[in-house]
Amino acid sequence: MERIARIGVSLPENLLRRFDSILSNRGYSSRSEGIRDAIRNYITEFEWLEQEKGERVGVVTVVYDHSVKGITDSILDIQHSNSDVISGTMHIHMGRNCLEVILVRGDVKKIKEIAEKLISIRGVKNVKLVTTVGEDHF
Ligand code: NI
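Residue numbering note: each chain is counted from 1, following its sequence as written. Whole-chain, interface and lining totals are the exception, using all residues; otherwise, since this is a predicted model, local features are given only for residues with pLDDT of at least 70 and side-chain atom pairs are given and counted only at 80 or more. For the side-chain quantities, the full set of heavy atoms in the structure was used; hydrogens and water were omitted.

Colleague: How should I be thinking about the overall build of the protein in this particular structure?
Modeller: Within the protein one finds four helices and four strands. Numbering goes from the N terminus for both helices and strands, where a helix is a DSSP run of H or I of at least four residues and a strand is a run of E of at least two. Order of helices (α) and strands (β) in the protein, N terminus to C terminus: α-α-β-α-β-β-α-β. Seen through its C-alpha atoms, the protein measures out along the principal axes to roughly 50 × 40 × 25 Å. Counting all 138 residues of the protein, 29% fall into the buried class. In the protein, once contacts between residues fewer than 6 apart in sequence are set aside, the share between residues at least 24 apart is 67%. With residues, only the protein chains shown are counted as cover, and all accessible areas are computed by Shrake-Rupley using a 1.4 Å probe. Just so you have it, the protein exposes about 10,200 Å², and 53% of that area is on carbon and sulfur atoms. Charged residues are defined here as Lys and Arg on the positive side and Asp and Glu on the negative side; His and the ends of the chain fall outside this count. Think of each charge as sitting on NZ of Lys, CZ of Arg, CG of Asp or CD of Glu. Side-chain charges in the protein split into 20 positive and 20 negative, and the spacing between the mean points of these groups amounts to 6 Å. The buried label applies to any residue whose accessible area, calculated with a 1.4 Å probe on protein chains only, is under 20% of its type's maximum; exposed applies above 50%, and partly exposed to all values in between. Contacts are assigned to residue pairs that have any heavy atoms within 4.5 Å of one another.

Colleague: What is the right way to read the environment of Arg40 from this model?
Modeller: Along the polypeptide, Arg40 turns up in helix H2 (residues 31-47). Judged by its relative accessible area of 47%, Arg40 falls in the partly exposed class.

Colleague: Can you help me understand the coordination of the nickel ion in this one?
Modeller: Note on metal sites: the ideal angle is 109.5 degrees for four tetrahedral donors, and 90 or 180 degrees for six octahedral donors. Coordinating donors are taken as N, O and S atoms within 2.8 Å of the metal, stretched to 3.2 Å for Na, K and Ca; because water is absent from the atoms, sites can appear incomplete. For the nickel ion, every protein donor is listed as His91 (NE2), His93 (ND1) and Cys98 (SG), and the spread of their distances is 2.0 to 2.3 Å. Along the chain, the residues donating to the nickel ion fall in the pattern H-x1-H-x4-C.

Colleague: When you look at the pattern of salt bridges in this model, what are you seeing that I'm missing?
Modeller: A side chain of one charge can pair with a side chain of the opposite charge when the charged atoms of the two come close. Any carboxyl oxygen of Asp or Glu within 4 Å of a side-chain nitrogen of Lys or Arg constitutes a salt bridge here. Overall, the coordinates contain five salt bridges when judged by the stated rule. Between Glu55 and Arg105 there is a salt bridge, with the nearest N and O atoms lying 3.4 Å from each other. Pair noted here: Glu55 is in strand S1 (residues 55-65) and Arg105 is in strand S3 (residues 97-107), with a separation of 50 residues, a long-range link. In this structure Arg105 comes out as partly exposed when scored by relative accessible area, which is 39%. For Asp84, the salt bridge identified is with Lys110, shortest N-O distance 2.8 Å. You can see Asp84 sitting in the loop between helix H3 (71-80) and strand S2 (86-94) and its partner Lys110 sitting in helix H4 (residues 108-119), a full 26 residues away along the chain.

Colleague: Would you take a moment to explain a nonpolar patch on the surface for this structure?
Modeller: A contiguous nonpolar patch, built from Ile35, Ile39, Tyr42, Ile43, Phe46 and Leu49 and spanning about 520 Å² of accessible area, is present on the exposed surface. Within the secondary structure, Phe46 is located in helix H2. Patch rule: a residue counts if its relative accessible area is over 30% and it has no salt bridge; like charges are joined within 9 Å, and nonpolar side chains (Val, Leu, Ile, Met, Phe, Trp, Tyr) within 5 Å.

Colleague: I keep staring at the pairing of S3 and nothing clicks. Help me out?
Modeller: Regular strands place their side chains on alternate faces of the sheet. Where burial is concerned, most of S3 is hidden: eight out of the 11 residues are buried. Two strands form a pair only when DSSP identifies at least two bridges running between them. Sheet topology note: the S2/S3 ladder contains eight bridges and is antiparallel. For Ile86, the partnering residue across the bridge sits in S3 and is Val104. Between S2 and S3, which pair antiparallel and follow one another directly, the connecting turn spans two residues, one of which, Gly95, has a positive phi of 65 degrees.

Colleague: Explanation requested: the packing of helix H1 (residues 13-25) against H2 in the structure shown.
Modeller: The axes of two packed helices give the description: the angle between them and the distance between them. Axis angles are defined between N-to-C directions and span 0 to 180 degrees, where every axis is a line fitted to C-alpha atoms and, for a helix, only to the segment in contact. The interhelical angle for the contact between H1 and H2, taken along N-to-C directions, is 95 degrees, at an axis separation of 10 Å. It follows from the interaxial angle that H1 and H2 lie roughly perpendicular. Taking contact as the criterion, the partners of Leu16, Phe19, Asp20 and Leu23 in H1 are, on H2, Arg31, Gly34, Ile35 and Ala38. Its residues placed into classes, the contact of H1 with H2 shows five nonpolar, one polar and two charged. Should an angle fall under 35 degrees it is called roughly parallel, over 145 degrees roughly antiparallel, and 65 to 115 degrees roughly perpendicular, with every other angle called oblique. Note on residue classes: Ala, Val, Leu, Ile, Met, Phe, Trp, Tyr, Cys and Pro are nonpolar, Asp, Glu, Lys and Arg are charged, and everything else, Gly too, is polar.

Colleague: Could you clarify how one ought to interpret the nonpolar core in this entry?
Modeller: If you look at soluble globular proteins, the nonpolar side chains tend to sit buried side by side. Within the largest apolar cluster, 22 residues are counted, with the highest numbers of intra-cluster contacts made by Val60, Val62, Ile75, Leu118 and Val124. Contributing elements (two or more residues each) for this core: S1, H3, S3, H4 and strand S4 (124-133). By nonpolar core is meant a set of buried Ala, Val, Leu, Ile, Met, Phe, Trp, Tyr and Cys residues that side-chain atoms within 4.5 Å join together.

All we've got here are geometric facts, nothing functional implied.
Shown next, in the form of structure tokens:
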């Protein structure tokens, strides 16, 4: 049996209210159960960022303001210079903003570099990276 640790957490009431409301809608029996799940998700999302080696398959989503001068070129330049890692893209126009979905496969370090370069471009509003481990890990 896994040993259980107890922790005390301070948080804003509003945050707790919103968390509780999601727990109740999703049918959680206790706050502890919800917090355990939230922590597991957090770990899954960020643990890989600590890794410096290995192959990953994933998706980078970029939301940007396409009225910013030169932004499309900057994004395309990054894609061209990383064509060995990028397997494809998809683009959705959303009024002033655009959503670009970039499929990536390759070294985790290189994928991280691409995401970091994209977020540093002026006019890029949001970059999200979702990855999974390569096939040999399953
Ligand atoms: Ni567009």
